[in-house]
Structures are given as structure tokens and as C-alpha cells.
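Structural description and commentary
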Amino acid sequence: MGFEILRPGALSTVQDKGRRGFLSQGFQESGACDKYSMKLANLLAGNLEEPETAAVIEFTLKGGELRFTSDEIIALTGADMKPCVNKSPIPMFSPVLVHKGDILTMELAVSGLRTYMAVYGGIQVPSVMGSRSTNLKCRIGGLEGRQLLEGDCLESGSGSRQFKKTAKRLKGNKGLASMGEIEPWMRRSSTPYRFYENAPVVLLRAVMGPQEDAFTDLGLNTLVRNLFRLSSDCDRMACRLEGEPIEMKDGADIISDGIAEGSVQVSSDRLPMVLMADHQTTGGYAKIATVISTDIPALAQLKPGEWVAFQYVSPDEAVAICRKEAEKLGKLKEWLMNTVYR
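Residues numbered from 1 in each chain as written. Predicted model: local features only at pLDDT ≥ 70, side-chain atom pairs only at ≥ 80, totals over all residues. Heavy atoms only, no water.

Some details on the nonpolar core
By size, the foremost hydrophobic cluster in this structure holds 86 residues, and its most contacted members are F3, L104, M117, V308 and F310. The leading source of residues in this core is helix α1 (residues 35-44), at six residues. Beyond its immediate chain neighbours, meaning those up to four positions away, M117 contacts F3, V56, I57, F59, L66, I74, A75, L76 and L104. (Core = buried A, V, L, I, M, F, W, Y, C linked by side-chain atoms within 4.5 Å. Buried < 20%, exposed > 50% of the residue type's maximum accessible area, 1.4 Å probe, protein only. Helix = DSSP H or I, 4+ residues; strand = E, 2+ residues; numbered from the N terminus. Contact = heavy atoms within 4.5 Å.)

Structure (C-alpha cells):
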């Protein structure tokens with residue numbers, strides 16, 4: 001039960017919330033870059049009890065083509081890659097029943113950067129140190145620790161009595177067409193925008209970093225008063241930004257210390273970079289701020305050339321924002337339990 005990769009796309013990997021607790025041993029956390037879309041896909045696909053730990057496929061920039069080897073309930077979230085089953089468009093942000101032999105195709109993303117596909121029961125690959133996420137540098141997790149290739153076959157956890165019951169209810173309609181689709185504001189994380197000349201720019205809220213004393217007042221203000229553009233040097237490890245140089249007191253180098261997802265390092269070129277899911281475990285550049293977890297998904301969906309702005313928030317404000325986001329997904333889970341998966 002599962003599916004076969006016919007075309008893998010630009011970069012496709014198995015991911016979940018990440019491999020926590022092993023930074024001290026040199027293992028990156030990895031996990032989905034857009035964890036909101038990952039959790040949303042899992043909820044919509046019926047993985048209500050494990051939206052963070054059920055493994056999904058993360059497609060980057062361009063999806064691919066795969067053939068299902070059994071009936072499955074899938075859900076697609078994140079970037080719009082114009083998904084089609086047997087050449088007919090299917091909805092995103094909705095449970096969709098596919099059948100054995102069906103072929104799913106996805107093209108170049110028309111909006112966003114990363115698409116997440118969840119299947120009922122999750123993708124069944126071995127758990128390594130408590131996670132199924134692919135760590136490309138250490139070559140562990142996922143499928144043999146690598147990106148997906150043509151001919152790869154993956155299994156799902158479908159086949160339970162509940163799956164058959166839900167599949168029967170979904171048969172004959174496309175997703176939630178007869179039940180009402182989820183609200184547009186639920187489809188993405190609640191990251192705010194700042195407007196420049198009537199154009200919305202993603203606003204990344206951040207708490208002050210552990211080396212804020214390494215920066216002058218001018219440097220600290222430069223981060224939040226200017227726009228920064230994503231450079232071509234962006235990947236699952238970090239997003240390097242271009243813009244106004246940030247003034248420092250005595251240079252960027254520090255004694256290496258721990259790195260967290262969302263850390264904003266400023267290197268010797270005095271430009272910021274935001275560390276992403278595959279970030280290194282330690283770093284020797286001063287960290288001016290840390291982007292809060294709820295806003296990293298929006299950054300993960302931006303392409304090189306797009307712009308971001310920053311805003312400082314307090315730790316208490318960051319916690320309140322995180323709790324509000326969790327409540328939003330909790331309401332969706334409750335709604336799904338009372339409609340699709342009752």
C-alpha cells in the first residue's frame with residue numbers, strides 16, 4: 001500500500017517535525033521547513049492524533065509524478081503546484097480520495113515554494129532517533145537518508161477500518177466539496193505583512209538574539225527599519241538576505257555556540273541570514289535575533305528575489321502568538337473530527 005515515484009521533482013524528501021534532542025551529538029533537527037503546512041496536511045489527511053509525527057513528502061519548487069499502488073486519502077498544502085490526478089485538477093487544502101493506479105502530477109509552483117503531501121496513516125519509513133525526517137547531510141532518516149528518486153516505492157499506513165469508512169464517505173466527491181472547504185485564513189500560518197507602496201511584504205517577528213550586545217544601536221535598528229531580499233543562496237539550511245549592512249561593534253566572529261531554527265546570524269559581510277530546518281548545530285557568527293516559530297513557515301515559502309521585513313517582539317509576545325496558532329489548528333482538528341473523520 002502506498003505509491004511509486006515516477007518523477008521526483010526538483011527536491012523531494014520525507015519529513016516530519018524533525019529530530020529533536022540530538023544537537024549536542026552533532027545531528028541537525030531537519031524536519032519540514034514549513035511546519036504549519038506539514039501539520040495542516042496531516043490533519044486534512046486524517047492523521048488527527050499525530051499531525052507533527054506522521055511523515056509527509058516535501059516537494060520543493062517543482063513537484064513530480066507518482067502512481068498510487070493502493071487506495072489512499074491524501075491532502076496537499078503549501079505552494080500551489082497545480083496538482084492533477086489522471087490529468088484532472090484536484091483541490092488543495094482538502095482530503096482527496098485516490099485509487100490504485102491513479103497518477104498524481106504536479107508542476108512548477110505558481111505561488112509559494114514548498115508543497116506538502118500527507119497520506120492517511122502517514123508515510124511508513126523507519127524511525128531514526130525518534131524521527132522519520134530526512135537528514136541529507138548525515139544521510140539518515142527518510143528513505144535511505146536521501147532525496148526521492150525515480151522508481152522509489154513508499155508505503156502508507158492506510159488500510160484500517162476507519163480508513164475504509166472515511167474512503168467510502170469521500171467516494172464520489174472531490175475533497176470537502178459537499179461539506180464546505182476550510183477558511184482561506186486557515187490555509188497558511190498567521191504571519192503578518194508590512195506594506196510598502198501598497199505591496200505586502202512578509203513580516204518576520206523576532207526576539208532579540210543572544211549576542212545583541214555585539215551590535216550598535218544603529219545596527220539593531222537597521223534590521224527592523226529596512227527591507228531585505230532573499231538571495232539566490234537559499235536552501236533548507238539557511239536563507240541569506242541582501243540589503244542594508246548591519247553595523248557591529250567589534251566584528252561578527254564569536255566563540256561558537258548553539259544554533260536554533262530561526263536564528264538570525266550576521267556574518268562578516270554584515271548581512272543577515274536566517275537559519276532553517278537543516279541548520280548546523282553550532283555557529284561562530286553573532287546572532288542579532290531569532291525569528292519566532294510561527295513565522296518561519298512564511299519564510300520557507302518565499303523564493304529568491306522576494307522581500308521580508310523584521311519586527312522585534314518580546315518573549316512573552318512570542319509565546320502568546322504560538323499559543324494562538326496552536327488554537328487555530330486545534331479548532332480545525334475538532335471540525336474535521338466532527339465532519340470528515342467522525
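What to know about the layout of surface pockets
One number sums up the size of the largest pocket: a volume of about 540 Å³. Around the largest pocket, the lining is made up of 23 residues, and of these K35, K39, E52, S293 and C322 lie nearest the centre. Counting residues per element, the ones that place at least two in the lining of the largest pocket are α1, α4 (296-300) and α5 (315-338). At six residues, α5 tops the list of elements feeding residues into the lining of the largest pocket. Of the residues assigned to the lining of the largest pocket, the class counts are 10 nonpolar, four polar and nine charged. (1 Å grid on protein atoms, 1.4 Å probe; cavity = no way out; pocket = protein on both sides within 12 Å on 5 of 7 lines; lining within 4 Å. Points joined across faces, edges and corners; volume = space filled by probe spheres on them. Nonpolar A, V, L, I, M, F, W, Y, C, P; charged D, E, K, R; others polar.)

Quick look at the sheet that holds strand β7 (residues 88-89)
Spatially, the seven strands line up as an open sheet ordered β7-β6-β9-β4-β1-β12-β11, and their pairing is antiparallel. Looking along the sheet, the strands with just one partner apiece sit at the ends: β7 and β11 (123-124). Direction of pairing for β11 relative to strand β12 (residues 153-156): antiparallel, over a ladder of two bridges. Across the sheet, residue I123 finds its bridge partner in β12, namely S156. (Pairing = 2+ DSSP bridges.)

Some points on the pattern of salt bridges
Pairing of side chains with opposite charge becomes possible as their charged atoms draw close. Applying the stated rule across the entire model yields 17 salt bridges. Between E58 and R114 there is a salt bridge; the shortest N-O distance is 4.0 Å. Here the residue E58 occupies a position in strand β3 (residues 56-60), and R114 occupies one in strand β10 (residues 111-119), the gap between them amounting to 56 residues. The residues E58 and R114 share a single accessibility class, namely buried. (Salt bridge = Lys/Arg side-chain N within 4 Å of Asp/Glu carboxyl O.)

Structural notes on helix α3 (residues 217-225)
Of all the residues in α3, the buried ones are G219, L220, T222, L223 and V224. Against the buried residues of α3 lie β13 (193-196), β14 (199-208), β15 (228-234), β21 (287-291) and β22 (307-312).

Details of unusual backbone geometry
Excluding glycine, a negative phi dihedral is what most residues carry, and trans is how most peptide bonds are arranged. Phi is positive for E197, close to 50°, though the residue is something other than glycine. Along the chain, the position of E197 falls in the loop between β13 and β14. When its relative accessible area of 80% is taken as the criterion, E197 is described as exposed. Its identity is not glycine, yet N198 carries a phi of approximately 70°, on the positive side. Within the fold, N198 resides in the loop between β13 and β14. Residue N198 is classed as exposed on the basis of its relative accessible area, which comes to 75%.

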